[in-house]
Amino acid sequence: MSETSQQLDKFCAQYLFKSARAANISVIVASALTAFYFYLQAGPVLIIWLILMTLTAATRIAISYLYFADRKQHFVKRSIKQWIHIYTTSSLICGLCWASLIFFITQSDDPVNISMLYIVYFAIMAGAISALPVVFKAFYLYITPIFIAALINSFFSLSHESLFMAAASIIYFSFIITTGRAINNRYMQNFYLHIENRGLIHDLHNEVAQKEKIEQKLINNQLSLEETVKSRTRELNKTNDELLNEINERRRIEANLKHVAHHDALTNLPNRLLLDARLSHAIERAKRSKLQVAVVFIDLDHFKTINDSLGHAAGDELLVAISKRLLNCVREDDTIARLGGDEFIIIIEQVHDIGDLDHLLKKIMKATSDKIVIKGHDIRSTASIGISIYPDDGDNAEQLMSNADAAMYYVKENGRQKYHFYTSELTSSAYDRVILETDLNLALENNQLVVYYQPQVSLQSKKIIGVEALIRWHHPEYGLLAPKQFLPVAEQSNLINRIGEFVLNTACSQIVSWKQQGLPIETVAVNISGHQIHHGNLPETLQDILQQTQCQPDWLELEITEGFILNKTKQAIATLLKLRDLGLSLAIDDFGTGYSSLSYLKKLPVNKLKIDRSFVSDINNDMEDAALVHAIIAMGKSLNLKLIAEGVENTSHEVFLSAHGCDLAQGYFYSKPVPAEKIEKMFSRTSKNNVVNFNA
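Here we summarise the structure given alongside this text.

1. Details of the sheet that holds strand E3 (residues 343-351)
- The five strands lie next to each other as E2-E3-E1-E6-E7, forming an open sheet whose pairing is mixed. Only two strands of the sheet have a single partner each, and these edge strands are strand E2 (335-340) and strand E7 (419-421). The mean angle between the axes of side-by-side strands here comes to 20°, regardless of whether they run parallel or antiparallel.
- Two strands pair when backbone bridges link them, and strand E1 (residues 292-300) and strand E6 (residues 383-390) are joined in this way by eight bridges, in the antiparallel orientation. Within the sheet, the bridge partner assigned to Val 293 lies in E6 and is Tyr 390.
- Sitting on the sheet, helix H15 (residues 397-413) is in contact with E1, E2, E3, E6 and E7, with an inclination near 145° to E6.

This is the structure in structure tokens:
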């Protein structure tokens, strides 16, 4: 169903049920009066008809109450179309009840009684025009049984009067139907107009009414030409005053519409449309005066976090406060605009020397970072700022905006909370990023991503007891790409969740296959990004993957970086607890690089620490690295955590780690990351004691 059709149903139902209570109360009253009048003729049996009519009308009133109750709950029980259908059906039943009156009253030749019956029927059909034509089907079904009853009643006696009443009934029914159809068409026209331009319909209605009033007065003036000069002058003056008021009102509305079209509704700053016009004008002025124009692109840092934690109302309040502060930073001739979201643009005109901007930029940095109190919370927002200069960085508005945007994104990617001037290298970097992002989307669609596996070896038994799943990209042009070459782009473009889900699916399916082959691989480890934990439904996704692949939870181990731990949130910790409750093992990757405190480790539901390769690579030559690795192993043992060292590349590494109590090792000494079939070949070369011969 189209949106227009839904809107029409909504308006029809609203008008239909809005008049339902009064209309059905009128039905009850009319039924009572009718029963009272015909009681002497029909007797007590007419009470049955009155009860039937009362119950029918009361039911229709109850339906209207149920409709309004369901509307408050946004129609969770029935759709609007279903409610209209229910009321239409009840209208048919009510019409049938009215029609049944002829069966409850005794046929009489008394002209008064016959006339009264037709008056009742014709009045009921006429009364339906006030409530039902908005849904023509309901109107038609309501009056048709009444018309048929009137027609049948006229044929009970084949008198001249009955034939006259039959003809009158047909003519009256045709008139009522035509009138109902005309009223229905008018309703539909009004509804369509209201849908097409809901925001302006009120003003347009007033304007049309005002025009009709003025036109009527002009007609009256023409008809009263024979009146005295004084009377005509007074009328003309009055009309002129009204015309002047209308013109002034039109100008006010036009000015208001023009302002709305060129300004942001929240901050009242210029929007993109007005910004482009002012920037183009500033460039033209700069050409004539041979001066420079600066375009300052401002993006608030972590604005989404404020929206998510305090609500969108608080976010809007922050944007309004920031816009007021920015206005205090610039001159009256400069322009501040809001592009949307948390992005602002400042146009600085008549720049003699770029060095003069330094003071202004620092002022802007301070204005955006000073404390703002919102809903009792002290909020300190920061900003990433990019600047482009005319004519050095572009000779048109679009190019200057794009380059300032590129400079801002450079700040975002390099620590935030500072400003940076555009350089040509930023454009090529942004272009490469866009191309790589496009290729990465195609890679997901064309199955170019593959998963490699690196063995994890027990230092005690020298057996492979696990593997780590590592993503690779078979790029059609650049060959096999390592994760560091494309995962940062995936993080920025929000493709990381799809890639992470692909790796989890592949790894779970693979270990199930290995288990079915009888390979003694206990677990497969998969890296999980902070983005997946913060912005994805990771527990639900994992539960679905485990069910689909029939992978046991204890076969899967998730690795999270230590950097994520240092930036943990309550929501993230809750997610990790849900993962542990699913039966999954959790490991801290790159441990030692982030300086985690023991208090963090005690709170997190982790099972394993992974010692970073930067410490392992030099443990035989650097006493500090050796002491640090020894301390990490001792700390992990004290917390009952398993230890695995990555980056093991020679026998001396293995001997040191084994001697100091490390449980597992991983590195090129055993194997580089390889496809799944090569892992299977390793087990085909196992010795009699089931130890893999890595050098075979």
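Structure's up, so let's keep going.
2. Observations regarding the layout of surface pockets
- Space inside the second largest pocket adds up to approximately 820 Å³.
- For the second largest pocket, the lining is made up of 34 residues, of which Glu 468, Leu 470, Pro 483, Leu 487 and Asn 527 are closest to its centre.
- Looking at the lining of the second largest pocket, the elements that each hand over two or more residues are strand E9 (464-475), helix H17 (487-492), helix H18 (496-517), strand E11 (523-527), strand E12 (556-561) and strand E13 (585-591).
- Taken together, the residues of the lining of the second largest pocket sort by class into 13 nonpolar, nine polar and twelve charged.

3. Points about the side chain of Gln 448
- Examined against the element boundaries, Gln 448 turns out to sit in the loop between helix H16 (424-445) and strand E8 (449-458).
- The class for Gln 448 is buried, based on a relative accessible area of 16%.
- Leave out the neighbours within four places in its chain, and Gln 448 touches Ala 443, Arg 472, Trp 473, His 474, His 475 and Pro 476.

4. Quick word on a positive patch on the surface
- Residues Lys 672, Lys 678, Lys 681 and Arg 685 make up a contiguous surface patch of positive charge.
- Within the secondary structure, Lys 672 sits in the loop between strand E16 (664-666) and helix H27 (676-684).

5. Concerning the nonpolar core
- Ranked by size, the top nonpolar core spans 76 residues in total, and within it Leu 556 and Leu 657 carry the most contacts.
- Residues contacting Leu 657, with those up to four places away along its chain left out, are Leu 459, Val 616, Val 629, Ile 633, Ala 645, Val 648 and Cys 662.
- Listed in part, the 60 residues of the second largest apolar core include Tyr 121, Val 134, Leu 151 and Phe 191.

6. A look at the packing of aromatic side chains
- One pass over the full model with this rule turns up 16 aromatic pairs.
- Measuring from ring centre to ring centre gives 5.0 Å for Tyr 37 and Phe 38, while their planes differ by 85°; the resulting arrangement is edge-to-face.
- The exposure class assigned to Phe 38 is buried, which follows from its relative accessible area of 1%.
- On the basis of an interplanar angle of 45° and a centroid distance of 5.7 Å, the ring pair of Tyr 67 and Phe 75 is categorised as tilted.
- Overall, Tyr 67 belongs to the buried group, its relative accessible area being 1%.

7. Here we look at helix H11 (residues 272-289)
- For H11, built from 18 residues, the straight-helix expectation of 26 Å at 1.5 Å per residue is met to within 8% by its first-to-last C-alpha distance of 25 Å.
- Those residues of H11 that sit buried are Leu 274, Leu 275, Leu 279, Ala 282, Ile 283 and Ala 286.
- Turning to H11, the residues buried within the fold contact helix H10 (229-262), E1, E2, E3, E6 and H15.
- Residue Asn 271 occupies the N-cap position of H11, its side-chain oxygen lying 3.2 Å from the main-chain nitrogen of Leu 273.
- Following H11 by one or two positions, Lys 290 has its phi on the positive side, about 55°.

8. Thoughts on the environment of Ile 336
- You can see Ile 336 is positioned in strand E2.
- Once the C-alpha coordinates of Ile 336 and Leu 269 are considered, the two residues, 67 residues apart in sequence, prove to be 6.6 Å apart.
- Setting aside residues up to four positions removed in sequence, Ile 336 forms contacts with Leu 269, Pro 270, Leu 326, Leu 327, Val 330, Ile 345 and Ile 346.

9. Looking at the packing of helix H1 (residues 3-18) against helix H3 (residues 45-72)
- It is at 10 Å that the axes of H1 and H3 come closest, and there the two elements cross at 135°. Between H1 and H3, the angle is such that the two are oblique. Viewed along their axes, H1 and H3 form a crossing whose handedness is left-handed. Only Ile 63, Ser 64, Tyr 67, Phe 68 and Arg 71 of H3 make contact with H1, whose side of the interface consists of Lys 10, Ala 13, Gln 14, Phe 17 and Lys 18.
- Class assignment of the residues belonging to the contact of H1 with H3 gives a composition of five nonpolar, two polar and three charged.

10. As for the pairing of strand E15 (residues 642-646)
- Among the five residues of E15, four are classified as buried, and the element is accordingly described as predominantly covered.
- Bridge count for E15 against E16 is three bridges, and the pairing is parallel. Note that in E16 the partner of Ala 645 across the bridge is Ala 665.
- Crossover E15 to E16 through helix H26 (residues 651-659) is right-handed.

11. Comments concerning H18
- Taking 1.5 Å as the rise per residue, H18 with 22 residues should run 32 Å; its terminal C-alpha atoms sit 31 Å apart, in good agreement.
- Of the positions making up H18, those classed as buried are Ile 496, Ile 499, Gly 500, Val 503, Leu 504, Ala 507, Cys 508, Gln 510, Ile 511, Val 512 and Trp 514.
- One or two residues past the end of H18 sits Gly 518, with phi positive at roughly 85°.

Conventions adopted
- Residues numbered from 1 in each chain as written.
- Predicted model: local features only at pLDDT ≥ 70, side-chain atom pairs only at ≥ 80, totals over all residues.
- Heavy atoms only, no water.
- Pairing = 2+ DSSP bridges.
- Helix = DSSP H or I, 4+ residues; strand = E, 2+ residues; numbered from the N terminus.
- Axes fitted to C-alpha atoms, helices over the stretch in contact; angles between N-to-C directions.
- Contact = heavy atoms within 4.5 Å.
- 1 Å grid on protein atoms, 1.4 Å probe; cavity = no way out; pocket = protein on both sides within 12 Å on 5 of 7 lines; lining within 4 Å.
- Points joined across faces, edges and corners; volume = space filled by probe spheres on them.
- Nonpolar A, V, L, I, M, F, W, Y, C, P; charged D, E, K, R; others polar.
- Buried < 20%, exposed > 50% of the residue type's maximum accessible area, 1.4 Å probe, protein only.
- Patch = residues over 30% accessible without salt bridge, like charges linked within 9 Å, V, L, I, M, F, W, Y side chains within 5 Å.
- Areas by Shrake-Rupley, 256 points an atom, 1.4 Å probe, with all protein chains shown as cover.
- Salt bridge = Lys/Arg side-chain N within 4 Å of Asp/Glu carboxyl O.
- Lys, Arg positive; Asp, Glu negative; His and termini not counted.
- Charge placed at Lys NZ, Arg CZ, Asp CG, Glu CD.
- Core = buried A, V, L, I, M, F, W, Y, C linked by side-chain atoms within 4.5 Å.
- Phe/Tyr/Trp six-rings, centres within 6.5 Å; stacked < 30°, edge-to-face > 60°.
- Expected span 1.5 Å × (residues − 1).
- Polar contact = N/O pair within 3.5 Å; in protein donor to acceptor, adjacent residues only side chain to side chain.
- Parallel < 35°, antiparallel > 145°, perpendicular 65-115°, else oblique.
- Left-handed = near helix turned anticlockwise from the far one by under 90°.
- Right-handed = clockwise from strand over helix to strand, strands pointing away.

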